[in-house]
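Chains, contacts and geometry: an overview
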Amino acid sequence: MVSPQEITQTTQIEISPLQESDIAQLVPILHEHVRDSDTHLVQEGEITDIVSWMRGQPDEANNHRIRSYFVARDINGQVLGCIGITKAATYHLIHHQTIAADTAELVNFFVTSTVQGRGVGRKLFNQVLAEARNHGKKYLVLDSGPRYEHSWPIYDKLFGNSGTTIQNLYGPGYHARTWKIDL
Ligand SMILES: CC(C)(COP(=O)(O)OP(=O)(O)OC[C@H]1O[C@@H](n2cnc3c(N)ncnc32)[C@H](O)[C@@H]1OP(=O)(O)O)[C@@H](O)C(=O)NCCC(=O)NCCS
């Protein structure tokens, strides 16, 4: 891995579809971020689910969705982060008043903490915007729970301050923030 200081907007970061061989490098990144918001304990069950979705297993939403993933890697091939895209969950369509054919959802967006804030997430996000447009989508949506509230200002930036609240999405008192960008 190149040093974090070498990761700049101008450093060559390659974005490519996730391959099975990337998963071993992504698991430690998931361990950094997929933690209980109160206890901060790693959520192994959620990580197992994410890995299964990365391997092409359907998730539980909307009668089972397939998620497509991209990874970012540095010039040495080290995986720095991932992003997923899938059909929008039904609660997004209701909240944002869009239809399924027009709407993609961003999922599982993680960059290793040592290089956060250096443009890797932007490159992953731009890839997902392009992917959604290529599939004829008009909107990209995202929701994020209280666990990731520290990242909400980043979503405000990426999604153009379009954020609104879905009450109690993650349980009583655990409100989600959701964003929608026109493509
Ligand atoms: C969210 C995350 C994937 C973004 O990746 P990143 O590499 O840190 O993002 P970038 O450095 O490319 O920044 C993305 C944009 O947000 C802006 N930004 C970065 N940090 C910011 C901050 N603290 N406040 C406001 N804007 C910020 C950047 O300027 C950039 O905008 P620009 O391209 O228009 O200049 C990463 O921070 C992360 O893994 N966070 C923890 C896990 C998480 O919350 N995942 C989401 C689960 S839903």
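Positions within a chain are numbered from 1, following the residues in the order the chain's sequence is written. For this predicted model, a pLDDT threshold of at least 70 governs which residues receive local features, and a threshold of 80 or more governs which side-chain atom pairs are given and counted, while totals over whole chains, interfaces and linings are taken from all residues.

1. Quick notes on the site of the ligand
Each residue gets a C-beta atom placed from its backbone. Should that atom fall within 6 Å of a molecule or strand, the residue is termed near it. Every one of the 18 residues lining the ligand counts as a neighbour, but Gln116, Gly121, Arg122, Tyr148 and Ser151 are closest to it. At the level of elements, strand 4 (103-111), helix 4 (120-134) and helix 5 (152-158) are the ones that each hand at least two residues to the shell around the ligand. Looking at which element gives the most residues to the shell around the ligand, the answer is helix 5, with 4 residues. Residue classes follow a fixed rule: Ala, Val, Leu, Ile, Met, Phe, Trp, Tyr, Cys and Pro count as nonpolar, while Asp, Glu, Lys and Arg count as charged, and any other residue, Gly among them, counts as polar. Taken together, the residues that form the shell around the ligand break down as 8 nonpolar, 7 polar and 3 charged. A run of H or I in DSSP counts as a helix once it spans at least four residues, and a run of E counts as a strand once it spans at least two, with each numbered from the N terminus.

2. Things to note about the pairing of strand 7 (residues 176-182)
To assign burial, the other C-beta atoms lying within 10 Å of each residue's own C-beta are counted, with C-beta atoms placed from the backbone; 20 or more indicates buried, 12 or fewer indicates exposed, and intermediate counts indicate partly exposed. With 5 of 7 residues buried, strand 7 lies mostly within the body of the structure. In this analysis, strands are considered paired if DSSP registers two or more bridges between them. The pairing of strand 5 (residues 139-144) with strand 7 spans 6 bridges and is antiparallel. Paired with aspartate 143 across the bridge in strand 7 is threonine 178. Here strand 6 (residues 164-166) pairs with strand 7 via 3 bridges, running antiparallel.

3. Regarding the packing of helix 1 (residues 23-33) against helix 2 (residues 44-54)
Axes here refer to lines fitted to C-alpha atoms; in helices the fit is confined to the stretch in contact. Angles between the N-to-C directions go from 0 to 180 degrees. The interhelical angle for the contact between helix 1 and helix 2, taken along N-to-C directions, is 145°, at an axis separation of 11 Å. Between helix 1 and helix 2 lies a crossing whose hand is right-handed. Judged by residue contacts, Ile23, Val27, Leu30 and His31 of helix 1 engage Ile47, Ile50, Val51 and Met54 from helix 2. Here the contact of helix 1 with helix 2 is built from residues that sort into 7 nonpolar, 1 polar and no charged. A clockwise turn of the near helix away from the far one marks a right-handed crossing, whereas an anticlockwise turn of less than a right angle marks a left-handed crossing. A pair of residues counts as a contact when their C-beta atoms, built from backbone coordinates, are within 7 Å of each other.

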